[in-house]
Every structure is written in C-alpha cells, then in structure tokens.
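Listed here are the chains, written in short residue letters.
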There are 2 protein chains.
Amino acid sequence: MDKGQKEVTIYDIAEKLHISAATVSRGLTNHPRVSKSTRKSILKAAEEMGYRSNSIASNLRSKKSNVIGVIVPRLNSSFMSDLIAGVEKVVNNNNYSLFISQSLETMQKEVTNARAMLNNRVDGLLVSLAYDTTNIEHFEPFLKRNIPVIFVDRVFEHASCPQIFIDNTKAAYEITNHLIAEGCKNIIHLTASLLRNVYADRLSGYKKALEESGLQFRESNVIIGDLSSQAGIDAAAQILKMEKLPDAVFAANDICAVSCMIELQKHGIRIPEDIAFAGFNNDPTACVVQPNLTTVNYKGYEMGEVAAQLLINHLIDKSDLQQTHSLILRSELIIRESSLRSKKS
Amino acid sequence: MDKGQKEVTIYDIAEKLHISAATVSRGLTNHPRVSKSTRKSILKAAEEMGYRSNSIASNLRSKKSNVIGVIVPRLNSSFMSDLIAGVEKVVNNNNYSLFISQSLETMQKEVTNARAMLNNRVDGLLVSLAYDTTNIEHFEPFLKRNIPVIFVDRVFEHASCPQIFIDNTKAAYEITNHLIAEGCKNIIHLTASLLRNVYADRLSGYKKALEESGLQFRESNVIIGDLSSQAGIDAAAQILKMEKLPDAVFAANDICAVSCMIELQKHGIRIPEDIAFAGFNNDPTACVVQPNLTTVNYKGYEMGEVAAQLLINHLIDKSDLQQTHSLILRSELIIRESSLRSKKS
DNA sequence: CTGTTAGCGCCTTCAT
DNA sequence: ATGAAGGCGCTAACAG
C-alpha cells in the first residue's frame, strides 16, 4: 500500500513561490508577521498543489498534539455516549481531536489504554474509571509530564487531578427518603462495584436515609452485580425467592431498574402497589417503561461539555487546574409513577 | 505548562548502556536481529528510566500512524454507540488507536472532520454519512493517498470505497408486508433525509410492498423529519389531525416509533387495535415500551466489528479491499405485540 | 516582514 | 548483532 505520489510539503510550496519554507509555515498558520499578499499566494499555491498539513510533523516539532484522550468504561451506554458526545462537541469546536478508548470495566485494559494515550502524546486526558480499578498509578506518568488528567463521574481522589461529578450521596439520600415517605420500609438496593465513588456514595446515601428514619439497614438488602439488563433480571429472580417481598427497589441505574421491574411484572408483581421502583440516570427508557420510572436526572452530555471545557481552557490559557479541584454538578430527583404508592393504595 | 523534566529518549537509554540508539530502537520494537541479552537490558533500562516511546516521532519516520479514524453522524445514539463500541474493540485488540468525531448530521462538519483526520494522517477511515451530505469529494484526498475509506450503514456508491450495510429495502419490504398481512391498508411511513441509502431504501421497500399488494402509495403518507424523539411527537400530532386515521405506522427507527406511539396513546389511540406500529433497529426501548415494538433487528456492534476488521486486515496484510466492494450483513424481522392486530380485533 | 539553521525522536538503510 | 548517518515535515530560534 504505497501512498501514491509523494506528499506535497511546505518545501514544495516554498520552491514554487521562490520563498523560504519558514515563510510558508508562517503563512499557513496565520502567523501575524507575514504580508497579506504572500499569505494569499501561499494559500493559493497550497490549495492548487493539494497540500495537506502534516500534523504529525507539526506535533513532533511543537511538542503539542492538539489531541485529547478519553478513557471510559464502555462506549455503548446511554450515559457514557452522551458524555462523549458532549466532550466531542467542545473538543471539536476548539480544533482539538479526540482519542477514545474503552476499558470494558477492567483495570487491565484501562492501563493498556492509558499507555497508548501517553505514547500518542495526548495533551490531556479525561477518565471515567473501570469497575475494578484499585489504584491510579497508570496515570502517574501523565502527571509527571504535567499532562492534565481529569476524572469524570467515576472519580478518584488525587491531589493533582480535578474531579467532575454529582453529589451521589445526596441524590441517593433524597430518592431513598422519597421511597420512605411513600411508605416503603423494606427497600432493596441494586448496585455495582463499591470501589467506585458513584456506587459507594449512592449506597451511603441510601444507608443514611434508612438510619435517619429509624429503619434498619440490612446487608442482605444490597445486591451487588454489574447493573446490566441481565443483572436486573437476576435480581428479580432473587427478590421473588425472598421470604418476605420487599416493598421497594432502588437501583443505581435505570437500565437495571427497568429490566428488574419488567421481570417482576411478568411474575404478577404490581408496580408500584406491591413494589415501588426508583432508578438513577434518567435514561431514555425511564419514561418509556410502564409505569414511568422515578429516577435522578443527571445527563452525561453536560458533564462531558464541562469536563472538556475545563481541560481545554487549561490547555489554551494555562488557567489553573488545581484551583478547581472538584466540580460538583447539579442533579435532580424526578418523581414518576413507579414510586407513587401513597395515592394508589 | 512546561512538561517538567526532559523526556527520556532512546538516546538516553543508548548512552546509559553504551550502545547505539539504533540498537535500542531495535530492541524496543522486537526486531529479530538483536541479542536476547541486549534486548533484556534495554527493556530493563527503559523501564527504570521511565522511557515512553514517542509514537509521534515514530509515525513521522515510518509514515504510519496506527490510528483509525471514525466519522459518524452522532455519538449518542444507541445504534451509533454500539457500532463504535464494536469498532473500538477490534481496533484496540489490534494495537491501533481510534480517532472519533461526529458530523452532527451536517455535511459541513463532516468535511471539517475529514480534514482533521487527514491532517492527523489516519491509516484508514470508517464513515457513516450525515443526513445532508450530497457528495463525497471530501474523501477524495484520502483515496488519492491510498488511505482506505470504508462506508458503514449510511453508505455512498464509489468504486474505491467498500460499503457495509444491510438490505434495507428487503427489511422494509418484509415489515410492510407483515403490517399488510395484519390487515393494515393505510400505512404511514416516518423517515428522514432520502439522500441516505438507509432511508431511501426503506422507503422503496415500503413502496414495493404496497404496490405488490395492490395498495395505493400516497406521497402524503410519508412524513420526513429527523427521526428524533421530537419528530415522533410531531408526527403523532400530524396523524391526529388527519381526516381518516391511518391503521399503521412504520417508522424508520425505533426512537421515533416509540415516542410517536406513546404520544398517540396519550390521546386515547389503542396500539395495535387502532393503529399498528413498527420501527427499525431493535433499540433497547423496543422491548420496554407497551406494547413491545415490532422492528428489524440490526445491531450496530457487529457491523462495527466487521468494518473495523475489514479495514485492519487490509492495513496489516494488504488484503484486497476492492474485492469486497459491498458487504451486506444480515438483519431480521422481529414481530412483537405492537403490530399484532389480527388476533385482537 | 523574511531567510537560515537546527533539531523534535525515531527508524532505516548501509556498513561493519 | 551492532553502529553511523541521514531524514520524515515542520517550526522555533536567531538574524537581518
């Protein structure tokens, strides 16, 4: 696969116009100290000759790639793809490019991906951690080189890494309190790896609400899975086997909540009369399922935009990153029919 | 933002080991003609010194970036994020990296993105076209340089560009026939820009089925929007205003079908008794909505895998791309309650 | 405003 | 099995 005819370089343009390559370079990059007329002729020649700037060479020389790296657990989840879409928009609008990889929820792949990102000399990194990541040594090489690393949603405490997330504890506390206010006393919580702040915090908000209401927290009421659709079905099976049926389920994401709910309905359980339901994320499915699902609205798009903008501002004007150590975005409880028992029973 | 201490290069390793940089380079890239012992000491020194290979420099020298570019209309759609996840998996497994950008359904951004991809010298490109793309001149510079361009799902006919898609005409023909078999005689079709094969072909399948059954095709029964959730709601309003209510709706995607269906239900329309419904894509929402949506199963993940593998095989072993000009993947009709009228009425 | 020079870090001949 | 030398294409000094 030879690349056909030789690439046109700035030297070719320089030769044709009888000027130096440096001037061509300046003309092409809108350098201020180049006359209008020469710039015009440079651009014209470049166009005619089919010149395409070689970012690789430029990156090597300038030690700047204009590339942002993103590592997320998965690309095909509603939340993550929203987040990435937000990132892409901001990154693209600022003439940066985007390297993307997914860890598939394993630390091992996260480490590999981080390595590739560093080798490609990304100017900055946005990371949302995998389920089983226990430490973040794999990001140290970035920090050593002053390449900013920002954690988004699934964060990690580190002095040099800004974090962007929502107040998961508070959101879970509120949603649990809502269930309690609706008369629920025996609430199951479906969640995933407690290594991740998002799940650990939601669990602690759930606990806090129970304790404050004088309800007993039971270890056995917490079902840890991977919050997939299948996990919801499995949880439903587990619930159906319980001696005493719970009166509510609070899942740490909507996907799992919805599949669990549907599975229970198939077995004759009425929602919310028998079991009230709440999820997390405000997934598109939340307002399709019947009854509509009570959840926490917390769209990834905005979070992606904010994270990317923070990173790019820092890259462009050296704005201080350490100053914004953690950025806690707003989330809101959305109450829908799946949890409204009081009026029904 | 200085990058802290100077980068460790192969020269630093060479100096420390009193060997040449060339040998270090060979050692690092598993070149066969380097002794076991020197390679070992090179790897050890590299590790100790915190050396990280600079892909940028390597790319410049070798004229190969090990990067695949992807341009899709949007990142945050269930289908596209599935597709990208499939691409990422294959690309990652083959030690390539992924550049991703979204056109947001405009040709203008698609052109800009393509430019950036070329400047960054991607080794190959996967493209799914925007709604309003009228020509593909913006990919000519790739072809001129023998950089392979593969179209996925939303394709374009071009002698040098392989295409990967499904038989949209056939799928739409089958689904329309199914609706007709259920007794529907006045079927609305919701779709988007007919510049795109996926929508043009689905429309022609729909037409073909009507004609073969002796039903009249009416221009006014085709509603062209952007197939968004909002488009579904708008279509519902339009349908409700019709003199004579249709007896079926076939939407070119599930998102739009679902939102249209729910909106109609809010106005007392019974599905499928009053209006039968069918969508396209087998979106996660299709089996959450009540009644479950009849649709065409056609997951993006596999399509992404196939496309990426085809591209990478070509890149690695120069396998002939032209040979596989178009690859038509399987799709299947999935019949669910939203279209089962015959047994009900 | 423009030219000269040098080198970013690596790989790849060619030579030994 | 290893070394020496050159250059990928561009840009950042430094001159003028």
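The name an unreviewed UniProt entry gives chain A is LacI family DNA-binding transcriptional regulator, with Mucilaginibacter dorajii as the organism.

Participant: Any details on the overall build of chain A? Residues and values, ideally.
Facilitator: For chain A, the count of helices and strands is twelve helices and twelve strands. At 26 Å, chain A has a C-alpha radius of gyration far larger than the 20 Å of a compact globule built from 345 residues. Taken over 345 residues, chain A has a buried fraction of 55%. Pairs at least 24 apart in sequence give 73% of the contacts found in chain A among residues at least 6 apart.

Participant: Before we move on, could you go through the protein's contact with DNA strand D and cite the residues and values that matter?
Facilitator: The environment of DNA strand D is made up of 26 residues, and the closest members are Ser-25, Tyr-51 and Arg-61 of chain A together with Arg-26 and Arg-61 of chain B. Near-protein atoms of DNA strand D (within 4 Å) split between backbone and bases, with sugar and phosphate holding 61%. Residue Thr-38 of chain B places a side-chain N or O atom 3.0 Å away from a phosphate oxygen belonging to DNA strand D. Within the side chain of Lys-63 of chain B, a nitrogen or oxygen atom sits 2.7 Å from a phosphate oxygen of DNA strand D. At the level of elements, helix 1 (10-17), helix 2 (21-28) and helix 4 (55-62) of chain A together with helix 2 (21-28) and helix 4 (55-62) of chain B are the ones that each hand at least two residues to the surface near DNA strand D. Along the lines of polarity and charge, the residues of the surface near DNA strand D split into nine nonpolar, eleven polar and six charged.

Participant: Describe the sheet that holds strand 7 (residues 222-224) of chain B, listing the residues and the values that go with them.
Facilitator: Residues and elements named next belong to chain B. Overall, parallel pairing links the four strands, which are arranged 7-6-8-9 in an open sheet. Edge positions in the sheet fall to strand 7 and strand 9 (276-278), since each of these pairs with one other strand and no more. Taken pair by pair, the neighbouring strands of this sheet meet at an average axis angle of 15°, ignoring direction. Sheet topology note: the strand 6 (residues 187-191)/strand 7 ladder contains three bridges and is parallel. Bridge pairing links His-189 to Val-222 in strand 7. Across the face of the sheet, helix 8 (residues 168-181) comes into contact with strand 6, strand 8 (248-251) and strand 9 while running at roughly 170° to strand 8. The sheet strands contacting helix 11 (residues 254-266) are strand 6, strand 8 and strand 9, and the helix crosses strand 9 at an angle near 160°.

Participant: Lay out helix 12 (residues 300-317) of chain B with the relevant residues and their values.
Facilitator: Relative to the 26 Å expected for 18 residues at 1.5 Å per residue, helix 12 of chain B spans 26 Å between its end C-alpha atoms, a close match to the ideal helical length. In the core, the buried residues of helix 12 of chain B are packed alongside strand 1 (67-72), helix 5 (78-93), strand 3 (124-127), strand 4 (149-152), strand 5 (163-166) and strand 11 (326-329) of chain B.

Participant: Talk me through the UniProt feature "domain: HTH lacI-type" (unreviewed entry) in chain A; I want residue IDs and the actual numbers.
Facilitator: As annotated by UniProt and renumbered to match this structure, "domain: HTH lacI-type" (unreviewed entry) occupies residues 8-62 of chain A. Secondary structure content for residues 8-62 of chain A is 69% helix and 0% strand, while the C-alpha to C-alpha distance between its ends is 20 Å.

Participant: Just give me the short version of the relation of the copies chain A and chain B, but keep the residues and values in it.
Facilitator: Mapping chain A onto chain B is achieved by rotating through 180° and translating by 0.0 Å along the same axis, at an RMSD of 0.1 Å. Read as a symmetry element, the transformation amounts to a two-fold axis. Of the C-alpha atoms belonging to chain A, the one lying closest to the rotation axis is found on Phe-99 of chain A, 2.4 Å away. The overlap is high: 100% of the interface residues of chain A also sit at the interface in chain B, so the same surface is used on both sides.

Participant: Report on the pairing of strand 8 of chain B, specifying residues and quantitative values.
Facilitator: Residue and element names in this part refer to chain B. Across the two faces of strand 8 the burial is the same, with Ala-248 and Phe-250 and Val-249 and Ala-251 all buried. As paired strands, strand 6 and strand 8 are joined by four bridges and run parallel to one another. Note that in strand 8 the partner of Leu-190 across the bridge is Ala-251. Summarising the sheet, strand 8 and strand 9 pair through three bridges and their orientation is parallel. When the sheet's bridge partners are listed, Ala-248 is paired in strand 9 with Ala-276. Handedness of the β-α-β unit built from strand 8, helix 11 and strand 9 comes out right-handed.

Participant: So what about the environment of Ala-85 of chain A? Which residues, and what values?
Facilitator: Examined against the element boundaries, Ala-85 of chain A turns out to sit in helix 5 (residues 78-93). Once you skip the residues sitting within four places of it in the chain, Ala-85 of chain A turns out to touch Tyr-301 of chain A together with Leu-75, Asn-76 and Gln-102 of chain B.

Participant: Tell me what's going on with the protein's contact with DNA strand C, and back it up with residues and numbers.
Facilitator: Taken together, 27 residues form the shell around DNA strand C, and within it Thr-23, Arg-26 and Arg-61 of chain A together with Tyr-51 and Arg-61 of chain B come nearest. Here, DNA strand C places atoms within 4 Å of the protein, and 57% of those atoms are sugar or phosphate. Thr-23 of chain A has a polar side-chain atom sitting 2.7 Å from a phosphate oxygen of DNA strand C. For DNA strand C, a base oxygen lies 3.3 Å from a polar atom in the side chain of Arg-26 of chain B. If you list the elements that add at least two residues to the surface near DNA strand C, you get helix 2 and helix 4 of chain A together with helix 1 (10-17), helix 2 and helix 4 of chain B. Classifying every residue of the surface near DNA strand C by side-chain character gives ten nonpolar, eleven polar and six charged.

Participant: Summarise the pattern of salt bridges; cite the residues concerned and give the values.
Facilitator: Within the structure shown, the criterion is met by 20 salt bridges over all chains. Ionic pairing is found between Asp-123 of chain A and Lys-64 of chain A, a salt bridge with its closest N-O pair at 3.7 Å. Of this pair, Asp-123 of chain A sits in the loop between helix 6 (107-119) and strand 3 (124-127) while Lys-64 of chain A sits in the loop between helix 4 and strand 1 (67-72), and the two are 59 residues apart along the sequence. Judged by relative accessible area, Asp-123 of chain A falls into the buried class, the value being 4%. For the salt bridge of Glu-7 of chain B with Arg-145 of chain A, the shortest nitrogen-to-oxygen distance reads 2.7 Å. With Glu-7 of chain B in the segment before helix 1 and Arg-145 of chain A in the loop between helix 7 (140-144) and strand 4 (149-152), this residue pair bridges two chains.

Participant: Please set out the packing of helix 2 of chain B against helix 3 (residues 36-49) of chain B residue by residue, giving values where relevant.
Facilitator: Residue and element names in this part refer to chain B. It is at 9 Å that the axes of helix 2 and helix 3 come closest, and there the two elements cross at 90°. Here helix 2 is positioned roughly perpendicular relative to helix 3, judged by the angle of their axes. Residues Thr-23, Val-24, Arg-26, Gly-27 and Leu-28 of helix 2 pack against Arg-39, Ile-42, Leu-43 and Ala-46 of helix 3. Class assignment of the residues belonging to the contact of helix 2 with helix 3 gives a composition of five nonpolar, two polar and two charged.

Participant: Talk me through the sheet that holds strand 8 (residues 248-251) of chain A; I want residue IDs and the actual numbers.
Facilitator: Strand pairing within a sheet occurs via backbone hydrogen bonds; the two strands may be parallel or antiparallel. All names here are of chain A. With respect to topology, four strands assemble into an open sheet ordered 7-6-8-9, the strand pairing being parallel. Where the open sheet ends on each side, the last strands, each with one partner, are strand 7 (222-224) and strand 9 (276-278). On average, each strand axis in the sheet is tilted by 15° relative to the strand beside it, whichever way the strands run. Most of the contacts of helix 8 (residues 168-181) go to strand 8, to which it runs at about 170°, and overall it touches strand 6 (187-191), strand 8 and strand 9. Sheet contacts for helix 11 (residues 254-266): strand 6, strand 8 and strand 9; angle to strand 9, the most-contacted strand, approximately 160°.

Conventions and cut-offs
- Residues numbered from 1 in each chain as written.
- Chains lettered and ligands numbered in written order.
- Predicted model: local features only at pLDDT ≥ 70, side-chain atom pairs only at ≥ 80, totals over all residues.
- Heavy atoms only, no water.
- Helix = DSSP H or I, 4+ residues; strand = E, 2+ residues; numbered from the N terminus.
- Rg over C-alpha atoms; globule rule 2.2 N^0.38 Å.
- Buried < 20%, exposed > 50% of the residue type's maximum accessible area, 1.4 Å probe, protein only.
- Contact = heavy atoms within 4.5 Å.
- Near = heavy atom within 4 Å.
- Polar contact = N/O pair within 3.5 Å; in protein donor to acceptor, adjacent residues only side chain to side chain.
- Nonpolar A, V, L, I, M, F, W, Y, C, P; charged D, E, K, R; others polar.
- Pairing = 2+ DSSP bridges.
- Axes fitted to C-alpha atoms, helices over the stretch in contact; angles between N-to-C directions.
- Expected span 1.5 Å × (residues − 1).
- UniProt positions renumbered as here; feature names shortened; annotations may be inferred.
- Least-squares fit on C-alpha atoms with pLDDT ≥ 70 in both.
- Right-handed = clockwise from strand over helix to strand, strands pointing away.
- Salt bridge = Lys/Arg side-chain N within 4 Å of Asp/Glu carboxyl O.
- Parallel < 35°, antiparallel > 145°, perpendicular 65-115°, else oblique.

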